[in-house]
Amino acid sequence: MTNAYKDHLGRPLIAVTGMGVITSLGQGLQDNWAALTGGVSGIHKITRFPTDGLSTRICGTVDFIDVPAENSVERSYAMARETTLEALAQAGISGDFDGPLFLAAPPIEPEWSARFALADRSPPSEKPADAYNRFLAAMREKADPVFYEAALFGAISERLSDRFGTRGLPVTLSTACASGATAIQLGVEAIRQGRTTRALTVATDGSVSAEALIRFSLLSALSTQNDPPEKASKPFTRDRDGFVIAEGAATLVLESLEAAVARGAKVLGILKGCGEKADLFHRTRSSPDGGPAIATIRAALADAGIAESDIGYVNAHGTSTPENDKMEYGAMSAVFGEGLARIPVSSNKSMIGHTLTAAGAVEAVFSLQTILTGTLPPTINYQNPDPAIALDVVPNVKRDAQVTAVLSNSFGFGGQNASLVMTAEPA
């Protein structure tokens, strides 16, 4: 391998040659990018299940893709399949992919309606401890493949692997809101280590249900500003009150730059650096001092071999929760210092909501689009700035700006922090 295909540490440079995305804004990269840069919101009233009595009645669900059964596994698989088809078509790869699959998928369980239906046909018992055996007996008597598949965490990756001919055992991971970025990092590392010349990285989340909504509501994490729905997500503002739960998926085809050039593929950008650090402060809250987030950003920059001054745009985690936005601002201030004032920082979640497991990959796709198109997506609903968060958030309207390096942050529940650095293709 010549030096032209190596990074500052002598590792293979990682090219992105295909991308696919689905969010509440629509299906496909073209429609999503047009809506995102147009400041359109995909947040709407919940119609999937009754919301009577709930404090949050809005979401960013994907309700326009047909699924054979209404459960989170089928929705997540369908979105992952469609984004992968789009990414492979753009990459010009047909037939078996012949590389590993790294999938970020939500830690989903069968929904309560399915559990109740199984309980209704289970034999009676007066001992609560016998419930599991009762369920097994009911399944033996009458098999339920849909319920069975919905209970398998690895079902989505196995189906994707069969459909697209990936190599080896597919990896399914769940690192909360950092999952999409973590899947990309695993693909990057596999190529850097010489285990493959290409990797398929997918992140998907179709898990919005009444149970999920209630659980996040009990954590006081969701916005309750229901009317109008499209105004609820307002990152970095004084009146932000929580995130908007949403769904989506994204797929990135990663290849060594040398392999991509050799086969004549169009290079969309370079995955230059990855940083990941754990936060042991709390099960759901980020450390208020931002220490782990600071370390994560610095690790990504060091891995990329670039200086803070090289970053031209930050795709923020920007959840619109009071605590997380404040923490992210503090972390970026510690890393970039006075230079932060010159760096535009916007949040896609103001328009698409928080796509949870998929967020890191969805936002990586939009970060690469920023480099490719010279357009910075806005942070909408920025009407009442938080004076304690002095950021150029690209307020409300997109901006033309040529940037060659983007930082994308993903800071998740449970102390999972991941940052990615993406750059333009080298000359």
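Let us look at the structure shown here. (Residues numbered from 1 in each chain as written. Predicted model: local features only at pLDDT ≥ 70, side-chain atom pairs only at ≥ 80, totals over all residues. Heavy atoms only, no water.)

## Here's the deal with the overall build of the protein chain
Of the regular secondary structure elements, the protein chain holds 13 helices and 15 strands. Computed over the C-alpha atoms, the radius of gyration of the protein chain is 21 Å, within 12% of the 22 Å expected from 2.2 N^0.38 for a compact globule of 427 residues. The C-alpha extent of the protein chain, read off along each of the three principal axes, is 70 × 50 × 40 Å. Out of the 427 residues in the protein chain, the part that is buried amounts to 58%. For the protein chain, long-range pairs separated by at least 24 residues make up 78% of all intrachain contacts whose partners lie at least 6 apart in sequence. Only carbon and sulfur atoms are counted for the fraction: they give 53% of the accessible area of the protein chain, which is about 17000 Å². Each charge class in the protein chain was averaged separately, 36 positive and 46 negative side chains, and the resulting centres sit 2 Å apart. (Helix = DSSP H or I, 4+ residues; strand = E, 2+ residues; numbered from the N terminus. Rg over C-alpha atoms; globule rule 2.2 N^0.38 Å. Buried < 20%, exposed > 50% of the residue type's maximum accessible area, 1.4 Å probe, protein only. Contact = heavy atoms within 4.5 Å. Areas by Shrake-Rupley, 256 points an atom, 1.4 Å probe, with all protein chains shown as cover. Lys, Arg positive; Asp, Glu negative; His and termini not counted. Charge placed at Lys NZ, Arg CZ, Asp CG, Glu CD.)

## Regarding the packing of helix 2 (residues 72-91) against helix 6 (residues 155-164)
It is the contact of helix 2 with helix 6, at a shortest axis distance of 10 Å, that shows an interaxial angle of 35°. Two packed elements cross with a definite hand, and for helix 2 against helix 6 that hand is right-handed. From helix 2, Val73, Glu74, Ser76, Tyr77, Ala80, Arg81, Thr84, Leu85 and Leu88 reach across to helix 6, where they touch Ile156, Arg159, Leu160, Arg163 and Phe164. For the contact of helix 2 with helix 6, the class distribution of residues is eight nonpolar, two polar and four charged. (Axes fitted to C-alpha atoms, helices over the stretch in contact; angles between N-to-C directions. Left-handed = near helix turned anticlockwise from the far one by under 90°. Nonpolar A, V, L, I, M, F, W, Y, C, P; charged D, E, K, R; others polar.)

## Considerations on the nonpolar core
Within the largest apolar cluster, 46 residues are counted, with the highest numbers of intra-cluster contacts made by Ile184, Leu252, Leu254 and Leu271. The contacts of Ile184, once residues within four sequence positions are left out, are Thr201, Leu252, Leu254, Leu271, Gly360, Ala361, Ala364 and Leu420. Residues Ile311, Ala316, Phe336 and Ile343 belong to the second largest nonpolar core, which totals 28 residues. (Core = buried A, V, L, I, M, F, W, Y, C linked by side-chain atoms within 4.5 Å.)

## Thoughts on the packing of helix 1 (residues 29-37) against helix 13 (residues 359-373)
Any two packed helices are characterised by how steeply their axes cross, that is the angle between the axes, and by the distance between the axes. Running from N to C, helix 1 and helix 13 point in directions that differ by 80°, and their axes come no closer than 11 Å. The angle between helix 1 and helix 13 places the two elements in the roughly perpendicular class. On helix 13, the residues touching Leu29, Asn32, Trp33 and Leu36 of helix 1 are Val365, Phe366, Gln369, Thr370 and Thr373. Taken together, the residues of the contact of helix 1 with helix 13 break down into five nonpolar, four polar and no charged. (Parallel < 35°, antiparallel > 145°, perpendicular 65-115°, else oblique.)

## Quick notes on the packing of aromatic side chains
Applying the stated criterion across every chain, the model contains two aromatic pairs. Ring centres of Trp33 and Phe366 lie 6.1 Å apart, and the angle between their planes is 35°; this geometry places the pair in the tilted category. Of the two residues, Trp33 sits in helix 1 while Phe366 sits in helix 13, which places them 333 residues apart along the sequence. Seen in terms of ring centroids, Phe216 and Phe243 are 5.4 Å apart; in terms of plane orientation they differ by 80°. Their pairing is edge-to-face. Residue Phe216 is located in helix 8 (residues 210-218), and its partner Phe243 is located in the loop between helix 8 and strand 8 (248-256); the two are separated by 27 residues in the primary sequence. In this structure Phe216 comes out as buried when scored by relative accessible area, which is 17%. For Phe243, a relative accessible area of 4% translates into the label buried. (Phe/Tyr/Trp six-rings, centres within 6.5 Å; stacked < 30°, edge-to-face > 60°.)

As far as function goes, none of this settles anything; it's purely spatial.
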